[in-house]
Amino acid sequence: MILKEKDKLLVGKFLKRIPAFGNLSDKRVDQIINDFTIRTFRAGETVFYQTDMSTDMYIILEGRVKVTLLSEEGDEFVLTDLNQGDFFGELSLIDGNPRSASVIAEEDSTFAVLERNRFLDAIKEDPDIAIDLLKSLVQRLRTATEREESLAFLAVHQRLVKLFTKLIKDEGKKQKNNFYLLKKRTHKEIAERIGASRESVSKVIKKLVSGNLIIEGGDVFLLSPDLFEDIEEPTD
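This report concerns the structure included in the present document. (Residues numbered from 1 in each chain as written. Predicted model: local features only at pLDDT ≥ 70, side-chain atom pairs only at ≥ 80, totals over all residues. Heavy atoms only, no water.)

To continue, consider the overall build of the protein. The helix and strand tally for the protein stands at eight helices and 12 strands. Residues counted as buried form 41% of the 236 residues belonging to the protein. In the protein, of all internal contacts separated by at least 6 residues, the share reaching a separation of at least 24 is 69%. About 13,500 Å² of surface is accessible on the protein, with carbon and sulfur atoms providing 50% of the total. Computed over 36 positive and 42 negative side-chain charges, the separation of the two mean positions in the protein equals 3 Å. (Helix = DSSP H or I, 4+ residues; strand = E, 2+ residues; numbered from the N terminus. Buried < 20%, exposed > 50% of the residue type's maximum accessible area, 1.4 Å probe, protein only. Contact = heavy atoms within 4.5 Å. Areas by Shrake-Rupley, 256 points an atom, 1.4 Å probe, with all protein chains shown as cover. Lys, Arg positive; Asp, Glu negative; His and termini not counted. Charge placed at Lys NZ, Arg CZ, Asp CG, Glu CD.)

In the contact formed by helix 1 (residues 5–15) and helix 2 (residues 26–33), the axes pass within 10 Å of each other and the chain directions differ by 125 degrees. As far as their axial angle goes, helix 2 and helix 1 are oblique. Relative to helix 2, the crossing made by helix 1 is right-handed. Side by side, helix 1 and helix 2 meet where Lys8, Val11, Gly12 and Leu15 of the first sit next to Val29, Ile32 and Ile33 of the second. Taken together, the residues of the contact of helix 1 with helix 2 sort by class into five nonpolar, one polar and one charged. (Axes fitted to C-alpha atoms, helices over the stretch in contact; angles between N-to-C directions. Parallel < 35°, antiparallel > 145°, perpendicular 65-115°, else oblique. Left-handed = near helix turned anticlockwise from the far one by under 90°. Nonpolar A, V, L, I, M, F, W, Y, C, P; charged D, E, K, R; others polar.)

Below, the discussion takes up the sheet that holds strand 2 (residues 46–48). With respect to topology, four strands assemble into an open sheet ordered 2-7-4-5, the strand pairing being antiparallel. Unpaired on one side and paired on the other, strand 2 and strand 5 (76–83) mark the two borders of the sheet. Direction aside, the axes of adjacent strands within the sheet are offset by 30 degrees on average. (Pairing = 2+ DSSP bridges.)

One open sheet holds the four strands; their spatial order is 1-8-3-6, and the pairing between them is antiparallel. On the outer flanks of this sheet lie strand 1 (37–41) and strand 6 (87–88), each paired with one strand and no other. With five bridges connecting them, strand 1 and strand 8 (residues 109–114) associate as antiparallel partners. Residue pairing in the sheet places Phe41 in a bridge with Ser109 of strand 8. Packing of helix 1 onto the sheet brings it into contact with strand 1, strand 3 (57–62) and strand 8, and relative to strand 3 it is tilted by some 115 degrees.

For the rest of this paragraph, the subject is the packing of aromatic side chains. Counted under the stated rule, the structure contains eight aromatic pairs. Relative to Phe111, the ring of Tyr58 has its centre 5.8 Å away and its plane inclined at 90 degrees; by these criteria the two rings are edge-to-face. Pair noted here: Tyr58 is in strand 3 and Phe111 is in strand 8, with a separation of 53 residues, a long-range link. Here Phe111 falls in the buried class, since its relative accessible area comes to 0%. (Phe/Tyr/Trp six-rings, centres within 6.5 Å; stacked < 30°, edge-to-face > 60°.)

On to the side chain of Asp126. Along the polypeptide, Asp126 turns up in the loop between helix 4 (116–125) and helix 5 (128–153). Look past the residues within four positions of Asp126 in its chain and what remains in contact with it is Leu24 and Arg28.

Attention now moves to the pairing of strand 12 (residues 220–223). By the alternation rule, side chains of strand 12 split into Phe221 and Leu223, which are all buried, and Val220 and Leu222, of which none is buried. Here strand 10 (residues 180–183) pairs with strand 12 via four bridges, running antiparallel. When the sheet's bridge partners are listed, Leu181 is paired in strand 12 with Leu222. Pairing between strand 11 (residues 214–216) and strand 12: three bridges, direction antiparallel. Considered in strand 12, the bridge of Glu216 is made with Phe221.

Purely geometric stuff here, so don't read any function into it on its own.
Structure representation (structure tokens):
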């Protein structure tokens, strides 16, 4: 789908936030915008699968996705969630190799898509794009390494608290009683995000509920500030 004028404005806004393109002139950005196309996915649809041979880069114009790995046993592990303005697919964009993870739309989503050959053409004209994109990849690698260290050394309770801390920073709201309001996730969804079994997550949450550190509402969690006493309290 060809970009409409409103899409071009949105792509330009988010493109400037991507390190690889942030230092380009407005004129050059406008030229690259014309190389993008638009794709849409419904909630639950897979944008691409791990090991797929596609090599495009995606910018999220609307919606949210999760990036996952699937074990040989069929267990899903959620690496991260990405929201409006975030981008993904840059690894295969650079090296042309199969996808290293799967990406699934968590809600109806719209993407601006840049094909690899268009990206390579842009690099030929602006080599600094490649250097800046490598800086971005290094930062993502550091974040992934920190996550692996967390999964290797932290108990389920600690992993759960770290996940809640991240979610609060991303979307939480502090209430008048100092509790944090957070959209409720199923125990299975939480387990996928912290690399634990659903059963172990359920046991930890049950204990935290009994201690009034978590209150489970219909579709929300209320989290006590005491839950974060051993780490830096999140800011909303």
